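Close look at the chain arrangement
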Amino acid sequence: MTCRVLTTAFPGCWAPPKVPSYCSCPWRNRIQCSSSSSSDVPLAVSFDFSSSIEKPENNVPITGGAYDFKKATISLTKTLLSSPKKVTIVRHGLSSWNEESRVQGSSDLSILTETGVNQAERCRKALANISFDQCFSSPISRAKSTAEILWRGKEEPIVFLDSLKEGHLFYLEGMRNEDARQIYPKEYTTWREDPSNFSINGVYPLRMLWETANEAWKEILFTPGDHFLVVTHKSLLRALICTALGLGPERFRAIDVNNGGISVFNFNKRGEAMLQSLNMTAHMYSDYVYLY
């Protein structure tokens, strides 16, 4: 029996003669052995390196994912963190005012529906294999109830942050959307179509929300630990995502997150963010369990 090593590069790449310590070009090695008999049936064992191989400083190979993202975004903390952080953010489950198509804002009168409770349970099961050091939540009922379901059975108490509350929408809160559109057409249309310029009595709720989101990030990221769970509301969640990516209030409606949707951020020690996942919802339609 004779054996040989076959190295194949993908189109446009040079095939290396041996495995390098670092290779950014996709390639594949195969060991092919064959007997000297007339049947000469080849027996092949393949070692597939079809994804780019990267080796960070600790020499642990990584395929596909980035291991460093220096200056990818601006620092949210302006100060070095004690360690890199991972933050998983969940939007609360379906609420009574979601169901009734009412403007919620910072009102605490909207509560989780039966569907919302089931959505929160699905989130809990989907994240069962993820280890979190701490859970942060808005103290508003619909988010608080969702967090309590997600965090059930944990020893560490939930930390409730006012900076995770939903934005205040004044007299629009509690109104059905169709009523708000008819009674306050100018304000409602501005809120829907030009939210960064929406104002009531000289107050710009969305601009304030950006300040609140920056405050929330600092409170979360300066907490000891490596992986945090955050439960909050749609508008504040949008603000968290945008501020982490360096986007202004005018990009508010460029991002959408479903009830029970899960988003994940990685932060390096410089406080710079990289969005790993946005609005994951596979767990809402199946028994999918995440592992990241």
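Preceding block: the structure.
Residues numbered from 1 in each chain as written. Predicted model: local features only at pLDDT ≥ 70, side-chain atom pairs only at ≥ 80, totals over all residues. Heavy atoms only, no water.

Moving on: the sheet that holds strand 11 (residues 273-280). Spatial strand order, 8-7-9-6-10-11: six strands in an open sheet with mixed pairing. Each edge of the open sheet is held by one strand with a lone partner, namely strand 8 (159-160) and strand 11. Of the pairings in the sheet, the one linking strand 6 (residues 85-91) to strand 9 (residues 227-232) comprises six bridges and is parallel in character. Within strand 9, the position partnered with Val87 by the bridge is Phe228. Where helix 6 (residues 205-221) meets the sheet, it contacts strand 6, strand 7 (134-137), strand 9 and strand 10 (262-267), and its direction lies at approximately 130 degrees from that of strand 6. (Pairing = 2+ DSSP bridges. Helix = DSSP H or I, 4+ residues; strand = E, 2+ residues; numbered from the N terminus. Contact = heavy atoms within 4.5 Å. Axes fitted to C-alpha atoms, helices over the stretch in contact; angles between N-to-C directions.)

Of all the 10 residues making up helix 3 (residues 141-150), seven are buried; the element is thus mostly covered by neighbouring parts of the structure. All of the buried residues along helix 3 are Ser141, Arg142, Ala143, Thr146, Ala147, Ile149 and Leu150. The elements touched by buried residues of helix 3 are strand 6, helix 2 (114-126), strand 7 and strand 9. (Buried < 20%, exposed > 50% of the residue type's maximum accessible area, 1.4 Å probe, protein only.)

All right, on to unusual backbone geometry then. The backbone of Phe170 sits at a positive phi, close to 55 degrees, despite the residue not being glycine. Along the polypeptide, Phe170 turns up in the loop between strand 8 and helix 4 (177-183). According to the relative accessible area criterion, Phe170 is partly exposed, its value standing at 27%.

Another point: the pattern of salt bridges. Per the stated rule, a full pass over the model turns up nine salt bridges. With a closest N to O distance of 2.8 Å, Asp256 and Lys234 form a salt bridge. Here Asp256, found in the loop between helix 7 (234-244) and strand 10, pairs with Lys234, found in helix 7; they are 22 residues apart in sequence, far enough to count as distant. When its relative accessible area of 44% is taken as the criterion, Asp256 is described as partly exposed. Here the salt bridges do not stand alone but share partners, grouping Glu121, Arg124 and Arg152 into one network. (Salt bridge = Lys/Arg side-chain N within 4 Å of Asp/Glu carboxyl O.)

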